[in-house]
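One-letter residues, chain by chain:
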Amino acid sequence: IDAFDLYRQVLLDDPTHRGTTEALERMADDEALRFDVVDLLEATYQHNEAWAKLVQLYQIRLRTAQAPHERADLYLQMADLELERLGRVEHGFEHIGQALTADPFNQGAQERYEELAGAHGMWPALVAHYEAIVDELDDPIRVMELAMVAGRATMSELGEPARAFDLYSKVLDIEPTHEEA
């Protein structure tokens, strides 16, 4: 029986055992054990309501997550923890933005991002983020969708018509007859 198996047994018997949790945290950097350690720590942190540590754990998972939807899901889980458990709106908003960067087609993340921007006056950050995504995106339909949202917000929330014009121009470059742009 190896150290990891012993630690697993200790935590199964007592999920609050601090020495074991700390030893496993040190083992999380070992690539050979990372997945098993992270899985065990996730359950332990949830049991102990160690939400900040759970966010850090998801950041470790991000190191190996490659699929856009997988990365977006991890960012959204971190956002949920930041918003609902830790009460850190700015961090939650940032994680949702990172989810959209990872997967710009995630409609649920977009809705939450825009809702938080409206509720907490975070329109400047949202517009800047959408501008960056639009500049990198190859999908013309999605470019138009995000540019329109950013353009509307730039006009109504930021009062910057020149900036809105630039965003609407991106839409018109794709669809010259777009009525709203």
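Our subject is the structure that appears above.
Rules used in this analysis
- Residues numbered from 1 in each chain as written.
- Predicted model: local features only at pLDDT ≥ 70, side-chain atom pairs only at ≥ 80, totals over all residues.
- Heavy atoms only, no water.
- Salt bridge = Lys/Arg side-chain N within 4 Å of Asp/Glu carboxyl O.
- Helix = DSSP H or I, 4+ residues; strand = E, 2+ residues; numbered from the N terminus.
- Buried < 20%, exposed > 50% of the residue type's maximum accessible area, 1.4 Å probe, protein only.
- Axes fitted to C-alpha atoms, helices over the stretch in contact; angles between N-to-C directions.
- Parallel < 35°, antiparallel > 145°, perpendicular 65-115°, else oblique.
- Contact = heavy atoms within 4.5 Å.
- Nonpolar A, V, L, I, M, F, W, Y, C, P; charged D, E, K, R; others polar.
- Phe/Tyr/Trp six-rings, centres within 6.5 Å; stacked < 30°, edge-to-face > 60°.
- Core = buried A, V, L, I, M, F, W, Y, C linked by side-chain atoms within 4.5 Å.
- Expected span 1.5 Å × (residues − 1).
- Polar contact = N/O pair within 3.5 Å; in protein donor to acceptor, adjacent residues only side chain to side chain.

Student: Account for the pattern of salt bridges, with residues named and values stated.
Tutor: Side chains that differ in charge, positive against negative, can pair when their charged atoms come close. The tally for this structure, following the rule as stated, stands at 13 salt bridges. Put simply, arginine 112 and aspartate 80 hold a salt bridge, and the shortest N to O gap is 2.8 Å. Residue arginine 112 is found in helix H7 (residues 107-120), and its partner aspartate 80 is found in helix H5 (residues 68-85); the two are separated by 32 residues along the sequence. Glutamate 160 is the salt-bridge partner of arginine 163, the closest N and O atoms lying 3.4 Å from each other. Assessed through its relative accessible area of 32%, glutamate 160 is described here as partly exposed.

Student: So what's going on with the packing of H5 against helix H6 (residues 89-102)? Which residues, and what values?
Tutor: For any two helices packed against each other, one specifies the crossing angle of their axes together with the interaxial distance. Axis separation between H5 and H6 bottoms out at 8 Å; the angle between their running directions is 170°. In terms of axis orientation, H5 runs roughly antiparallel to H6. Residues Pro68, Arg71, Ala72, Tyr75, Leu76, Met78, Ala79, Glu82 and Leu83 of H5 pack against Val89, His91, Gly92, His95, Ile96, Gln98, Ala99 and Ala102 of H6. Its residues assigned to classes, the contact of H5 with H6 shows 11 nonpolar, four polar and two charged.

Student: Give me the lowdown on the packing of aromatic side chains, citing residues and values where you can.
Tutor: Each pair of aromatic rings is reported with the distance of its centres and the angle of its planes. One pass over the structure, following the stated rule, counts two aromatic pairs. Their ring planes at 15° and their centres at 4.3 Å tell us that phenylalanine 93 and tyrosine 113 sit as a pair that is stacked. With phenylalanine 93 in helix H6 and tyrosine 113 in helix H7, this residue pair connects regions lying 20 residues apart in the sequence. Of the two residues, phenylalanine 93 and tyrosine 113, both sit in the buried class.

Student: Describe the nonpolar core, naming the residues involved and giving the relevant values.
Tutor: Judged by nonpolar contacts, the single largest core of 55 residues is most densely connected at Leu24, Leu126 and Tyr130. Per-element tally for this core: the top contributor is helix H9 (residues 140-158), with eight residues. Among all residues touching leucine 126, those that are not within four sequence positions of it are Phe93, Tyr113, Glu114 and Ala117.

Student: An account of helix H8 (residues 123-136) is needed here, citing residue identities and associated values.
Tutor: Relative to the 20 Å expected for 14 residues at 1.5 Å per residue, H8 spans 20 Å between its end C-alpha atoms, a close match to the ideal helical length. In this fold, the buried residues of H8 make contact with H6, H7, H9 and helix H10 (161-174).

Student: Could you give an account of the side chain of threonine 44, with specific residues and numbers?
Tutor: Tracing the backbone through its elements, the reader meets threonine 44 in helix H3 (residues 34-48). In contact with threonine 44, not counting residues within four places along its chain, are Leu11, Pro15 and Thr21.

Student: Could you give an account of the environment of glycine 87, with specific residues and numbers?
Tutor: On the secondary structure map, glycine 87 appears in the loop between H5 and H6. With relative accessibility at 54%, the residue glycine 87 sits in the exposed group. Each C-alpha atom, one on glycine 87 and one on tyrosine 113, is 16 Å from the other, the two residues being 26 residues apart in sequence.

Student: Please set out H10 residue by residue, giving values where relevant.
Tutor: In a regular helix each residue adds 1.5 Å, so 14 residues correspond to 20 Å; H10 covers 20 Å between its end C-alpha atoms and thus fits that length. Every buried residue of H10 is accounted for by Ala164, Leu167, Tyr168, Ser169 and Val171. The inward-facing, buried residues of H10 contact H8 and H9.

Student: So what's going on with the side chain of histidine 95? Residues and values would help.
Tutor: Position of histidine 95 among the secondary structure elements: in helix H6. Exposure remark for histidine 95: the relative accessible area of 6% places this residue in the buried category. A polar side-chain atom of histidine 95 sits 2.8 Å from a polar atom in the side chain of glutamine 98. In this structure, histidine 95 is in contact with Val55, Gln59, Tyr75, Met78, Ala79 and Glu82, ignoring residues within four places of it in sequence.

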